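Fold and contact review
In case you want the letters, here they are:
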Amino acid sequence: MTRWIALLTDFGHQDAYVGVMKGVICRIHPQAQVIDLCHEIPPQDCRTASFQLLQAFPYFPEGTVHLVVVDPGVGTSRRAIALDFGHAYGVGPDNGVFSQVCDRYPPQRVVELTQPHFWRTPHPSATFHGRDIFAPVAAHLAAGTDFALLGSAIDPYSLMRLPHLTYEVTPQGVQGWIQAIDRFGNVITTLPAALLAKGYHRIQIQGQQIPLVHTYGDAPPQQLMALVGSHGFIELAMNGGSAQLVLGCRNGDALWLV
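None of these values were measured; they are calculated from a predicted model.

1. Description of the overall build of the protein
Counting its secondary structure elements, the protein contains 5 helices and 15 strands. Looking at the 258 residues of the protein, the share that counts as buried comes to 51%. Residue pairs at least 24 apart in sequence account for 67% of intrachain contacts in the protein once pairs closer than 6 positions are excluded. For the protein, the accessible area works out to roughly 12000 Å², and carbon and sulfur atoms hold 52% of it. Taking the 15 positively charged and 19 negatively charged side chains of the protein as two groups, their mean positions are separated by 1 Å.

Right, dumping it as structure tokens:
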């Protein structure tokens, strides 16, 4: 049995959605410890959810259930799933939010959640699977329910994958993509720090050449820079400002390491 459930959503804090999910969890597993990982994922932004989950995943206790509800396809034919990573679990929609965690920590088992016995109701809302399916399943799993009982086994390789989450080496340099933008306006790329050993010196995006530095204070105020963030990826930042606002870029945009 595990007591830990890490909750990641795009619900924000203005409405009762997060609290309702916690209430459902507590009714099933009163001893559960629910950790609010983040509820400010931009609405329906599966790429940012995938990135944030990857950053948090290795820092939680063994057996933690990672409950992710960023679900633009709620009520459609997209699958509801649970994943067994061996040392942790995932529960959420099959829409790509688990893409990067699955790349780094391949799941041992995946099931489609087809057993209404573990849902809040056999007739879930078409707009709130977080309350009616995902939260109760996470609570049952944290309380010790056998993973295999939650649903029908599916092939992990059949899971939905988000596009442009890695990079491509070309004769002109390394093409990467933006995978997240944090609240400071730092633009986080898909380019890992290990690429810097190849001798690259700058990021090229939207006609601008942005130099690589070591830390935020290495650039004058209001100047764009590129550096390796604590997450291990190259990011674009501005000393005292927002790189995203200056560049006008969006999640998923392409860039180059040259």
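Structure shown, so let's carry the discussion forward.
2. What about the pattern of salt bridges?
This model, assessed by the stated rule, comprises 7 salt bridges. In this structure, Lys22 engages Asp36 in a salt bridge whose closest nitrogen and oxygen atoms are separated by 2.6 Å. Taken together, the residues Lys22 in helix 1 (residues 17-28) and Asp36 in strand 2 (residues 33-38) connect sequence positions 14 residues apart. Look at Asp36 and you get partly exposed, because its relative accessible area is 37%. With its nearest N and O atoms 3.0 Å apart, the salt bridge here joins Asp103 to Arg161. Residue Asp103 is located in helix 3 (residues 99-104), and its partner Arg161 is located in the loop between strand 7 (152-153) and strand 8 (168-170); the two are separated by 58 residues in the primary sequence. Shared partners join several salt bridges into a network, and the residues in it are Arg120, Arg131 and Asp132.

3. As for the nonpolar core
Counting 29 residues, the largest nonpolar core has Leu67, Val91, Leu113 and Leu150 as the members making the most contacts within it. Secondary structure elements with two or more residues in this core: strand 1 (4-9), helix 1, strand 3 (65-69), strand 4 (80-84) and helix 4 (129-142). Looking at which element gives the most residues to this core, the answer is helix 4, with 8 residues. In terms of nonpolar packing, the next biggest core, distinct from the first, is built from 26 residues, Ala49, Leu54, Phe98 and Ile188 among them.

4. So, the packing of aromatic side chains
Each pair of aromatic rings is reported with the distance of its centres and the angle of its planes. If you walk through the whole model with that rule in mind, you get 7 aromatic pairs. For the ring pair Phe11 and Phe128, a centre distance of 5.9 Å and an interplane angle of 85 degrees mean the geometry is edge-to-face. Taken together, the residues span a long stretch of sequence, with Phe11 in the loop between strand 1 and helix 1 and Phe128 in the loop between strand 6 (109-112) and helix 4 at a distance of 117 residues. Just as Phe11 is buried, Phe128 falls in that class too. Here a set of aromatic residues connected by ring pairs shows up, and it is made of Phe11, Tyr17 and Phe128. In this arrangement the basic side chain of Arg183 is found over the ring face of Phe184, its NZ or CZ atom lying 5.5 Å from the centre.

About the criteria used
- Residues numbered from 1 in each chain as written.
- Predicted model: local features only at pLDDT ≥ 70, side-chain atom pairs only at ≥ 80, totals over all residues.
- Heavy atoms only, no water.
- Helix = DSSP H or I, 4+ residues; strand = E, 2+ residues; numbered from the N terminus.
- Buried < 20%, exposed > 50% of the residue type's maximum accessible area, 1.4 Å probe, protein only.
- Contact = heavy atoms within 4.5 Å.
- Areas by Shrake-Rupley, 256 points an atom, 1.4 Å probe, with all protein chains shown as cover.
- Lys, Arg positive; Asp, Glu negative; His and termini not counted.
- Charge placed at Lys NZ, Arg CZ, Asp CG, Glu CD.
- Salt bridge = Lys/Arg side-chain N within 4 Å of Asp/Glu carboxyl O.
- Core = buried A, V, L, I, M, F, W, Y, C linked by side-chain atoms within 4.5 Å.
- Phe/Tyr/Trp six-rings, centres within 6.5 Å; stacked < 30°, edge-to-face > 60°.
- Lys NZ or Arg CZ within 6 Å of the ring centre and 35° of its normal.

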